[in-house]
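Survey of secondary and tertiary structure
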Amino acid sequence: MTKSEGTRPGGAGHDYDVVISGSGLAGSAAAILLARRGVRVALLERRSDPGAYKVLCTHSITANARPVLDELGLVPELEKAGAVRNDARWYTRWGWIEPHAAYPGPELPHGYNVRRSTLDPLIRARAAQTPGVELLTGHRVTGLVREAGRTVGVRAATSRGEREIRARLVIGADGKDSAVAKSAGIPAKQYENARFGYLAHFRGLPLHGGIGQTWFLEPDMAYAFPNDDGVTVLAVLPDKKRLPAFRADPEGSFLDFVRALPDAPPVDSAERVTKFIGTVDYPLHSRRPTAPGIALIGDAALTGDPLWGVGCGWALQSAKWLTEAVAPAAAGRSDDDLDRSLAAYARTHRRRLNGHQRLAVDYARSRPFNPGERLMFSAAARDVSMARHMYLFAARLIGPLRFLSPSAVFRALVINARHR
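Described below are features of the structure shown in this document. Keep in mind it's a predicted model, so treat the numbers as computed, not measured.

About the thresholds
- Residues numbered from 1 in each chain as written.
- Predicted model: local features only at pLDDT ≥ 70, side-chain atom pairs only at ≥ 80, totals over all residues.
- Heavy atoms only, no water.
- Phe/Tyr/Trp six-rings, centres within 6.5 Å; stacked < 30°, edge-to-face > 60°.
- Helix = DSSP H or I, 4+ residues; strand = E, 2+ residues; numbered from the N terminus.
- Buried < 20%, exposed > 50% of the residue type's maximum accessible area, 1.4 Å probe, protein only.
- Lys NZ or Arg CZ within 6 Å of the ring centre and 35° of its normal.
- Axes fitted to C-alpha atoms, helices over the stretch in contact; angles between N-to-C directions.
- Parallel < 35°, antiparallel > 145°, perpendicular 65-115°, else oblique.
- Left-handed = near helix turned anticlockwise from the far one by under 90°.
- Contact = heavy atoms within 4.5 Å.
- Nonpolar A, V, L, I, M, F, W, Y, C, P; charged D, E, K, R; others polar.
- Pairing = 2+ DSSP bridges.

So, the packing of aromatic side chains
- Overall, the coordinates contain 16 aromatic pairs when judged by the stated rule.
- A centroid spacing of 5.1 Å and a plane angle of 75 degrees characterise the contact between Phe196 and Phe246, whose relative ring orientation is edge-to-face. Pair noted here: Phe196 is in the loop between β13 (188-191) and β14 (197-203) and Phe246 is in helix α6 (residues 243-248), with a separation of 50 residues, a long-range link.
- You can call Phe246 buried: its relative accessible area is 2%.
- Clustering of aromatic rings is evident, with ring pairs tying together Trp94, Phe216, Trp308, Tyr363, Phe369 and Phe377.
- The positively charged end of Arg89 is found above the aromatic ring belonging to Trp96, 3.9 Å away from the centroid.
- Taking the ring centre of Phe393 as reference, the NZ or CZ of Arg396 above it sits at 4.9 Å.

Laid out in structure tokens, this is it:
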């Protein structure tokens, strides 16, 4: 049920057990998962349009989030809506890495490519239909309600004026510029991204094998991801030294960049169906994901480099990790139990994502491959088993330590030695 005003009675002076700021991917997923475990949830969305969606996105849900999609029950709806399996191939100076080439081993796990204009309304509607969730549109968080050193609710601006919504736990799922995090004084560690990006959607843009392509041009990047309704998202992420040319002529510079790609898709024969969307400054940042009475999920807790396309997957995973940690305590009465649950979520978030973020921060300096990257990428271009190993890492199904394990490094050395 969608409402613009009103609350339901909670307990112990609270209107709800949990209030979530942001009804995008992370917020709606958390609302569904928490409500299924008996938690009363207010899901706040600053926009009044239930069909609102995030525009600047890679539109890719990596395979690490597939179990969350299964639990949410969204896979049949995504496939009915035309979501495309996000199989991938990557261009490097050693040739194409083809993890989905013929191989006697088991099929690789996959996620989906789907436009946010399809995905966001779908998951928001699923949240609104979930018993225990109340979707409140037109509610923009303007501050927090605090008592005895902890957060106990939010203040929200609505069309009828400001209102107060009290809850035992406030979840910030409101993006990299999170109003919840800023109101709570949770600082962000910010890291420069030396690339900028432009993207547009095209129809009638055939791709080799019908699967996504990524170009590692050292340091420039590009990708093409097929999505629902026959639409392909085409993006370029050049070094900032190219920025003056793009500012002077975004369309011409974009098309020239794509035409120059190795095995370039035939962009001139395709129909562009959106305007060019760009961001010239998109830093990476990380925040401590908890505070007394507060949890952050999705981009509010950690914003990676968009070139890796992992933001949607991490949004869904962080919603799942938080739910598993706090659901019993969020519906209870003990602040101590809730604080212990939040600490457990923070440990999981740090353990699962910090290593990935460190590597992304380093590569965001817009540099050529370092020796370790040259070793692994060249081996993956020469051997399908190494290509599959790289896919597991790119899909965030394994972490950096396993990707760069002694056995994997040794195998890469042997493959390259045999090639020479």
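Some words on the packing of helix α1 (residues 25-35) against helix α8 (residues 311-330)
- Across the interface, α1 lies against α8 with an axial gap of 8 Å and an inter-helix angle of 30 degrees. Judged by the inter-axis angle, α1 sits roughly parallel to α8. The two elements α1 and α8 cross, and the hand of that crossing is right-handed. Where α1 approaches α8, its residues Leu25, Ala26, Ala29, Ala30, Leu33 and Leu34 are matched on the opposing element by Cys312, Ala315, Leu316, Ala319, Lys320, Thr323, Val326 and Ala327.
- In terms of residue class, the contact of α1 with α8 is made up of twelve nonpolar, one polar and one charged.

A word on the sheet that holds strand β4 (residues 60-61)
- Strand order in the open sheet made by the three strands is β4-β8-β5, with antiparallel pairing throughout. Looking at which strands have only one partner, the edges of the open sheet turn out to be β4 and β5 (84-85).
- Of the pairings in the sheet, the one linking β4 to strand β8 (residues 112-113) comprises two bridges and is antiparallel in character. Looking across to β8, one finds that Ser60 is bridged to Asn113.

Quick look at the pairing of β14
- Summarising burial for β14: six of the seven residues are buried, a large majority.
- The pairing of β14 with strand β19 (residues 277-279) spans three bridges and is antiparallel. Considered in β19, the bridge of Gly197 is made with Thr279.
- In this structure, β14 lies alongside strand β17 (residues 231-237), joined through six bridges in antiparallel fashion. Considered in β17, the bridge of Tyr198 is made with Val236.
- One ladder, built from two bridges, connects β14 with strand β18 (residues 271-272); its direction is antiparallel. Across the sheet, residue Arg203 finds its bridge partner in β18, namely Glu271.

By themselves, these are just geometric observations and shouldn't be taken as functional.
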